Amino acid sequence: MSVSVELQKLIYARLVADAGVHAICGDRIYDNPKEGVEFPYVSFGPSDQIEDDAECITGLVETMQIDCWSRYGGGFLEVKKLTDAVRKALHQYEGELTENALVEMRVLSTRFFRDPDGLTSHGVMSVQSTVEEP
């Protein structure tokens with residue numbers, strides 16, 4: 001299984017199981033949210049990989065974007081609570097992958113902005129994972 005697929009599955013399972021995330025958005029965590037989805041929710045954005053090999057070790061660093069969405073009165077309050085819950089669930093998470101080995105997971109940054117519709121608040125998180133391949 002690809003590192004990226006395995007990481008996305010791990011992150012999804014972690015967010016669905018986390019009580020703090022669930023309290024805000026339930027199970028609304030999507031790879032590709034459909035139009036008309038209920039707010040607030042979390043979705044997966046783009047990702048990139050960088051080779052991180054060392055002597056006798058094949059490794060990758062993948063940075064994945066996690067998006068948090070809210071329409072709570074057009075403000076940032078709810079999306080900030082949601083991104084904080086996601087950050088707490090993922091930062092330095094020591095989950096186990098099936099085929100590869102997760103060395104480290106870190107939330108590098110979070111930024112907030114209002115979408116052009118004036119209703120939707122958006123939190124964008126960068127989650128970086130270092131993985132050793134067999």
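Before any of the text, the structure's been laid out above.
This text gives an overview of the structure that appears in the document. Per chain, residue numbering runs from 1 following the sequence as it is written. It should be noted that, the model being predicted, local features are given only for residues of pLDDT at least 70 and side-chain atom pairs only at 80 or more, the latter also being counted only at that level, while totals for whole chains, interfaces and linings use all residues. Processing note: side-chain calculations cover all non-hydrogen atoms of the structure and skip hydrogens and water entirely.

This part takes up the overall build of the protein. Strands are runs of DSSP state E lasting at least 2 residues, helices are runs of H or I lasting at least 4, and numbering of each runs from the N terminus. Along its length, the protein carries three helices and five strands. For the protein, the α and β elements follow one another from N to C terminus as α-α-β-β-β-α-β-β. Taken over C-alpha atoms, the radius of gyration comes to 15 Å for the protein, in line with the 14 Å a tight globule of 134 residues would show. Oriented by its inertia axes, the alpha-carbon framework of the protein measures out at about 55 × 25 × 25 Å. Using a 1.4 Å probe on the protein chains alone, a residue whose accessible area is under 20% of its type maximum counts as buried, one over 50% counts as exposed, and one in between counts as partly exposed. Within the span of the protein, comprising 134 residues, buried residues form 43% of the whole. We call two residues in contact whenever any of their non-hydrogen atoms come within 4.5 Å of each other. For the protein, the proportion of contacts with a sequence separation of at least 24, taken over those separated by at least 6, is 61%. The Shrake-Rupley method, run with a 1.4 Å probe sphere, supplies the accessible areas, and residue values consider only the shown protein chains as cover. Of the roughly 7,400 Å² of accessible surface on the protein, a fraction of 48% belongs to carbon and sulfur atoms. Taken together, the 12 basic and 23 acidic charged side chains of the protein have centroids lying 13 Å from each other. When we talk radius of gyration, it's over C-alpha atoms, and the globule rule is simply 2.2 Å times the number of residues to the 0.38. Positive charges are assigned to Lys and Arg, negative charges to Asp and Glu, while His and the chain termini are left out of the count. Here the site of a charge means NZ on Lys, CZ on Arg, CG on Asp, or CD on Glu.

Okay, the environment of Ser2 next. As for its position among the elements, Ser2 is in the segment before helix H1 (3–17). A 3.5 Å cut-off defines polar contacts: any pair of N or O atoms within that distance qualifies, except that in protein one atom must be a possible hydrogen donor and the other a possible acceptor, and neighbouring residues in sequence count only when both atoms are side-chain atoms. Looking at Ser2, its side chain comes within polar contact range of the main-chain nitrogen of Val5, at 3.0 Å.

The subject of this paragraph is the packing of aromatic side chains. Any two rings among Phe, Tyr and Trp, with Trp reduced to its six-membered ring, count as a pair given centres within 6.5 Å; such a pair is stacked if its planes are under 30 degrees apart, edge-to-face if over 60, and tilted if neither. Taken as a whole and judged by the stated rule, the model has three aromatic pairs. Taken together, a centroid distance of 5.7 Å and an interplanar angle of 70 degrees make the contact between Tyr30 and Tyr41 edge-to-face. Here the residue Tyr30 occupies a position in strand S1 (residues 29–30), and Tyr41 occupies one in strand S2 (residues 41–51), the gap between them amounting to 11 residues. Centroid distance Phe39 to Tyr41: 5.2 Å. Interplanar angle 50 degrees. Geometry classified as tilted. Looking at Phe39, the relative accessible area reads 22%, which means it is partly exposed. Here Tyr41 falls in the buried class, since its relative accessible area comes to 8%. An aromatic cluster is present here, built from Tyr30, Phe39, Tyr41 and Trp69 joined pairwise through their rings.

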